[in-house]
Amino acid sequence: MTTSREHEEISIYGTLLQHGSWTVPIGATADGLCCIGANGESLEDLMMRESSRFNVSQWVQDDSKLELYKEQITQYWDGKRESFTFKRDTGGTAFQNAVWEALLAIPYGVTVSYSDIAQAIDKPKAVRAVGSAIGANPLLIMVPCHRVVGKNGALTGYRGGLAMKTKLLELEDANRTGV
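Just so we're clear, the structure is a prediction, and the values are computed from it rather than from any experiment.

A. Here's a closer look at the overall build of the protein. In terms of regular secondary structure, the protein is built from six helices and six strands. Counted from the first residue to the last, the protein has its helices and strands arranged as β-β-β-α-β-α-α-β-α-α-β-α. Computed over C-alpha atoms, the radius of gyration of the protein comes to 16 Å, within 12% of the 16 Å expected from 2.2 N^0.38 for 179 residues, which places it in the range of a compact globule. Principal-axis analysis of the C-alpha atoms gives the protein an extent of 45 × 35 × 25 Å. Placing the 18 positive and 21 negative side-chain charges of the protein at their respective mean positions leaves the two points 6 Å apart.

Following this line, the structure appears as structure tokens:
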């Protein structure tokens, strides 16, 4: 479920999720998870970037309000979860939401191209716009934009950096083939 609020002031609860070699900031509104940052990114950097998407009245560091999200992301990293069941609050345009929904349909451990996503949303000529929408994805890991690669199979840009993208793909491949 996604929501969009233009003028409503909201609170975002944030925390830094640490597990093994992962250190990722996350944030949630009362309506669901709204942002997952890059591995190694600070909570402060996430707050600065995401405050421009929402009319944020306050950021509150609160681990307890984020327990469900932390638990499921940790299960994903541990190879015990392939998708997420919590609500999300991404905002975004209708086009971005269509792209993000298409990303959610990519199976765990599988990669597709940008043109595959453009085809999936019935906009086959909108490959560049699809790339922009993927780049604007606020929920790294949960909305699996890391599963999108170049048409030739090469790794392409990723807001979290190519090292994080590689690590996520390797994690999924190891858990998919190791089961």
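From this point on, the discussion continues.
B. Quick peek at the side chain of T90. Here T90 is to be found in the loop between α2 (67-77) and α3 (94-104). Take T90: its relative accessible area is 1%, and that puts it in the buried class. A distance of 3.4 Å separates a polar atom in the side chain of T90 from a polar atom in the side chain of N97.

C. Quick peek at helix α5 (residues 127-135). Among the residues of α5, V130, A133 and I134 are the ones counted as buried. Seen end-on, α5 carries its buried residues on one side only, within an arc spanning 100°. More than 90 degrees from the buried face of α5, the exposed residues found are R128 and S132. Those residues of α5 that are buried lie in contact with α3, α4 (114-120) and β6 (148-149).

D. Structural view of the environment of R81. By the element assignment, R81 lies in the loop between α2 and α3. For the pair formed by R81 and N175, sequence separation is 94 residues and the distance between their alpha carbons is 9.7 Å. Leave out the neighbours within four places in its chain, and R81 touches Q72, Q75, Y76 and Y108.

E. A look at the pairing of strand β1 (residues 10-19). For β1, the tally of buried residues reaches seven of ten residues, placing the bulk of the element in the interior. With five bridges connecting them, β1 and strand β4 (residues 56-61) associate as parallel partners. Bridge pairing in β4 links I12 to W59. Bridge count between β1 and strand β2 (residues 22-29): seven bridges; the pairing is antiparallel. Bridge pairing in β2 places L17 opposite V24. Connecting β1 to the antiparallel partner β2 that follows it, the hairpin turn spans two residues, and G20 within it adopts a positive phi of roughly 55°.

F. Focus on the pattern of salt bridges. In total, this model carries five salt bridges according to the counting rule given. A salt bridge links R49 to E41; the shortest N-O distance between them is 2.5 Å. The residue E50 makes a salt bridge to R49 at a minimum N-O spacing of 3.2 Å.

The rules behind the values
Residues numbered from 1 in each chain as written. Predicted model: local features only at pLDDT ≥ 70, side-chain atom pairs only at ≥ 80, totals over all residues. Heavy atoms only, no water. Helix = DSSP H or I, 4+ residues; strand = E, 2+ residues; numbered from the N terminus. Rg over C-alpha atoms; globule rule 2.2 N^0.38 Å. Lys, Arg positive; Asp, Glu negative; His and termini not counted. Charge placed at Lys NZ, Arg CZ, Asp CG, Glu CD. Buried < 20%, exposed > 50% of the residue type's maximum accessible area, 1.4 Å probe, protein only. Polar contact = N/O pair within 3.5 Å; in protein donor to acceptor, adjacent residues only side chain to side chain. Arc of directions from axis to C-beta. Contact = heavy atoms within 4.5 Å. Pairing = 2+ DSSP bridges. Salt bridge = Lys/Arg side-chain N within 4 Å of Asp/Glu carboxyl O.

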